[in-house]
Amino acid sequence: MFTLKDHPFTVETFFENSLVLTYAVPKSELEKFIPECLELDVFNDKWAFLAVALVKTKKLRPKGFPEFTGNDFILIGYRVFVTFTNSKGKKMRGLYILKSQTNKKKMEFWGNIFTHYNYTTTDIKFTRQRNIVSVYSDNSKLDISVRTADENIDLPVNTPFSNWVEARRYAGPLPFTFTYNDKTKEVLIIEGVRQNWTPKPVEVLKDKIGFIEDKKLKGVILANAFMVENVPYHWKKGRKELWNG
């Protein structure tokens, strides 16, 4: 049985900017954060991944509604890379959301009616000056600054990846996002669909992230950082599957 929180309709928007920083974390540090139906998407049998996605959306609205009914928001999502094996035995790569933030009470209100993402409102400034993109929040202890460039950018120091092609696999967003009801053993699957998705590596100049610091995770390493711009995007209506694990 569907409820309003189960993504009852398709939602569309336009990503003006989407900046994603992905951190490699020893898998033992993240296992406790995901539900029983999911598995960590692990690299080299050692690293799991936590991504921080910072997105400027334009005209977010139910699909089919005119643009003037949409709203512009800044969204922050803290997500773990996971896999889910469905009833047909197919392994699906996706994301499990640990926390969601926005810059407007309106998004918090409606987001918490139609999703399970538990949005909270915080102060967020998303700015760009030439080739420097910055995201700042005093309340959330967030201070990120990256440099975009046309020339080649080196991978972050100590990343587990050997090249950007390898790193791209964990750059997000993955096609699916999963939510789990442990009482009914139901997995809610939300599929995202995008166009013109060409992530470009960025150089991270500063990455203070209060959420990660508060979790007191050990062995966290910046693995990659990408940005995309001007991308039409929509999330399909949620669908459920019973987990029989």
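Given the structure is predicted, the values throughout are model-derived calculations rather than measurements.

Calculation notes
Residues numbered from 1 in each chain as written. Predicted model: local features only at pLDDT ≥ 70, side-chain atom pairs only at ≥ 80, totals over all residues. Heavy atoms only, no water. Helix = DSSP H or I, 4+ residues; strand = E, 2+ residues; numbered from the N terminus. Rg over C-alpha atoms; globule rule 2.2 N^0.38 Å. Buried < 20%, exposed > 50% of the residue type's maximum accessible area, 1.4 Å probe, protein only. Contact = heavy atoms within 4.5 Å. Lys, Arg positive; Asp, Glu negative; His and termini not counted. Charge placed at Lys NZ, Arg CZ, Asp CG, Glu CD. pLDDT = per-residue confidence, 0-100. Core = buried A, V, L, I, M, F, W, Y, C linked by side-chain atoms within 4.5 Å. 1 Å grid on protein atoms, 1.4 Å probe; cavity = no way out; pocket = protein on both sides within 12 Å on 5 of 7 lines; lining within 4 Å. Points joined across faces, edges and corners; volume = space filled by probe spheres on them. Nonpolar A, V, L, I, M, F, W, Y, C, P; charged D, E, K, R; others polar. Pairing = 2+ DSSP bridges. Axes fitted to C-alpha atoms, helices over the stretch in contact; angles between N-to-C directions. Salt bridge = Lys/Arg side-chain N within 4 Å of Asp/Glu carboxyl O.

A. Spatial organisation of the overall build of the protein. When helices and strands are tallied, the protein shows 4 helices and 15 strands. Computed over the C-alpha atoms, the radius of gyration of the protein is 17 Å, within 12% of the 18 Å expected from 2.2 N^0.38 for a compact globule of 245 residues. By principal-axis analysis of the C-alpha atoms, the protein measures approximately 50 × 45 × 35 Å. Each of the 245 residues in the protein was classed as buried or not, and the buried ones make up 50%. Sequence-distant contacts in the protein: of pairs separated by 6 or more residues, those separated by 24 or more amount to 70%. The averaged location of the 28 negative side-chain charges in the protein is 3 Å from the averaged location of its 38 positive side-chain charges.

B. Focus on the confidence of the model for the protein. Residues at a pLDDT of 70 or more form 98% of the protein, whose mean pLDDT is 93. Ranking the helices and strands of the protein by mean pLDDT puts strand 2 (residues 39-40) first, with 98, and helix 3 (residues 164-168) last, with 90.

C. Molecular detail of the nonpolar core. Ranked by size, the top nonpolar core spans 42 residues in total, and within it L19, L54, F84, F178 and I209 carry the most contacts. Considering every element that reaches this core, the biggest residue donor is strand 4 (residues 71-85), with 6 residues. L19 has contacts with V52, A53, L54, V135, I144, V146, V202, F226 and M227, leaving out every residue within four places of it along the chain. By size, the runner-up hydrophobic cluster in this structure holds 20 residues, among which are A24, W47, F49 and F226.

D. Expanded view of unusual backbone geometry. Positive phi outside glycine occurs at K185, with the angle close to 60 degrees. Here K185 lies in the loop between strand 10 (176-181) and strand 11 (186-194). We classify K185 as partly exposed; its relative accessible area is 32%.

E. The layout of surface pockets, seen in detail. Its volume calculated, the largest pocket comes out at about 820 Å³. Around the largest pocket, the lining is made up of 41 residues, and of these L60, L75, M107, Y119 and W235 lie nearest the centre. Breaking the lining of the largest pocket down by element, the ones donating at least two residues are strand 1 (11-26), strand 3 (47-62), strand 4, strand 5 (91-102), helix 2 (105-114), strand 11 and strand 14 (221-235). A total of 6 residues in the lining of the largest pocket trace back to one element, the largest contributor, which is strand 4. The residue makeup of the lining of the largest pocket, split by class, is 27 nonpolar, 10 polar and 4 charged. Its boundaries defined by the atoms lining it, the second largest pocket holds a volume of some 250 Å³. Considering the residues around the second largest pocket, the lining is formed by 13 residues, among which R128, T148, K200, M227 and E229 are closest to the centre.

F. The sheet that holds strand 9 (residues 142-147), seen in detail. With antiparallel pairing, 4 strands are arranged side by side in an open sheet as 7-8-9-13. This sheet does not close on itself; its edge strands, each paired only once, are strand 7 (125-129) and strand 13 (203-209). Sheet twist, expressed as the average angle between the axes of neighbouring strands with direction ignored, equals 10 degrees.

G. Local environment of the pattern of salt bridges. One pass over the structure, following the stated rule, counts 16 salt bridges. For E16, the salt bridge is made with K56, and the minimal N-O distance between the two is 3.5 Å. Within this pair, whereas E16 is found in strand 1, its partner K56 is found in strand 3, the two being separated by 40 residues in sequence. Of the residues examined, E16 reaches a relative accessible area of 25% and is grouped as partly exposed. Residue classification places K56 among the partly exposed residues on the basis of a relative accessible area of 22%. In this structure, the salt-bridge partner of D143 is K206, at a minimum N-O distance of 3.5 Å. Here K206 lies in strand 13 and D143 lies in strand 9, a separation of 63 residues in the sequence. We classify K206 as partly exposed; its relative accessible area is 39%.

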